[in-house]
Amino acid sequence: TTEENELMDLYVTVVGGNELASKDANGLSDPCLWLQLEDAEGKPVAPRKETRVVRRTLSPVWNERFFFSSVASGAGVVEGGALVLRVEVWDWNR
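Here's a quick rundown of the structure. (Residues numbered from 1 in each chain as written. Predicted model: local features only at pLDDT ≥ 70, side-chain atom pairs only at ≥ 80, totals over all residues. Heavy atoms only, no water.)

**Comments concerning the packing of aromatic side chains**
Here comes step 1: Summed over all chains, the structure comprises 2 aromatic pairs.
Here comes step 2: An angle of 35 degrees between the planes, with centres 4.7 Å apart, marks the rings of Tyr-11 and Phe-67 as tilted. Within this pair, whereas Tyr-11 is found in strand S1 (residues 7-16), its partner Phe-67 is found in strand S4 (residues 61-72), the two being separated by 56 residues in sequence.
Here comes step 3: Look at Tyr-11 and you get partly exposed, because its relative accessible area is 47%.
Here comes step 4: Accessibility expressed as a relative area gives 33% for Phe-67, which makes it partly exposed.
Here comes step 5: Positioned over the ring face of Trp-34 is Arg-48, at 3.7 Å from the centre of the ring.
Here comes step 6: For the cation-ring pair, Lys-49 lies above Phe-68, with the distance from its terminal atom to the ring centre recorded as 5.4 Å. (Phe/Tyr/Trp six-rings, centres within 6.5 Å; stacked < 30°, edge-to-face > 60°. Helix = DSSP H or I, 4+ residues; strand = E, 2+ residues; numbered from the N terminus. Buried < 20%, exposed > 50% of the residue type's maximum accessible area, 1.4 Å probe, protein only. Lys NZ or Arg CZ within 6 Å of the ring centre and 35° of its normal.)

**Concerning the nonpolar core**
Here comes step 1: In this structure, Val-12, Val-14, Leu-33, Leu-35, Leu-37, Ala-46, Val-54, Trp-62, Phe-66, Phe-68 and Val-71 together form the largest nonpolar core, which totals 11 residues.
Here comes step 2: Breaking this core down by element, the ones donating at least two residues are S1, strand S2 (31-38) and S4.
Here comes step 3: Residue contacts for Leu-33: discarding those within four places in its chain leaves Val-14, Lys-49, Glu-50, Thr-51, Trp-62, Val-87, Glu-88 and Val-89. (Core = buried A, V, L, I, M, F, W, Y, C linked by side-chain atoms within 4.5 Å. Contact = heavy atoms within 4.5 Å.)

**Considering the environment of Val-12**
Here comes step 1: Residue placement: Val-12 occurs in strand S1.
Here comes step 2: For the pair formed by Val-12 and Phe-68, sequence separation is 56 residues and the distance between their alpha carbons is 8.2 Å.

**Here we look at the side chain of Thr-51**
Here comes step 1: Along the chain, Thr-51 turns up in the loop between strand S3 (49-50) and S4.
Here comes step 2: Overall, the relative accessible area of 6% leaves Thr-51 in the buried class.
Here comes step 3: Of the polar contacts made by the side chain of Thr-51, one reaches the backbone nitrogen of Leu-33; its length is 2.8 Å.
Here comes step 4: Within the local environment of Thr-51, its side chain forms a polar contact with the side chain of Trp-62, the two groups lying 3.2 Å apart.
Here comes step 5: Each residue touching Thr-51, except ones within four places of it in the same chain, is listed here: Val-14, Cys-32, Leu-33, Leu-35, Trp-62, Glu-64 and Phe-66. (Polar contact = N/O pair within 3.5 Å; in protein donor to acceptor, adjacent residues only side chain to side chain.)

**Things to note about the pattern of salt bridges**
Here comes step 1: In the structure shown here, the tally under the stated rule is 5 salt bridges.
Here comes step 2: For Arg-48, the salt bridge identified is with Glu-50, shortest N-O distance 2.5 Å.
Here comes step 3: On the accessibility criterion, Arg-48 (39% relative accessible area) is partly exposed.
Here comes step 4: Judged by relative accessible area, which is 41%, Glu-50 ranks as partly exposed. (Salt bridge = Lys/Arg side-chain N within 4 Å of Asp/Glu carboxyl O.)

Right, here's the structure in full:
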């Protein structure tokens, strides 16, 4: 079991995506990902991370690694809740 407010590190590797939705007039997209670590109520507990933009593709390859450092396991976590990693795909100019 973990102690309340125990610090932890989280590593996330973003490899790529397949068959993303087209968002540009040319039938492609310029995708990037946003990664946000949140408590069970959706409140951020660490700064948001972003991948680089991959231009003109529906199957981007990022191969990027992110590090959420010294996140308190009890910070903002409601009783019985957990931390959630929210991942969103965006077209950079939309």
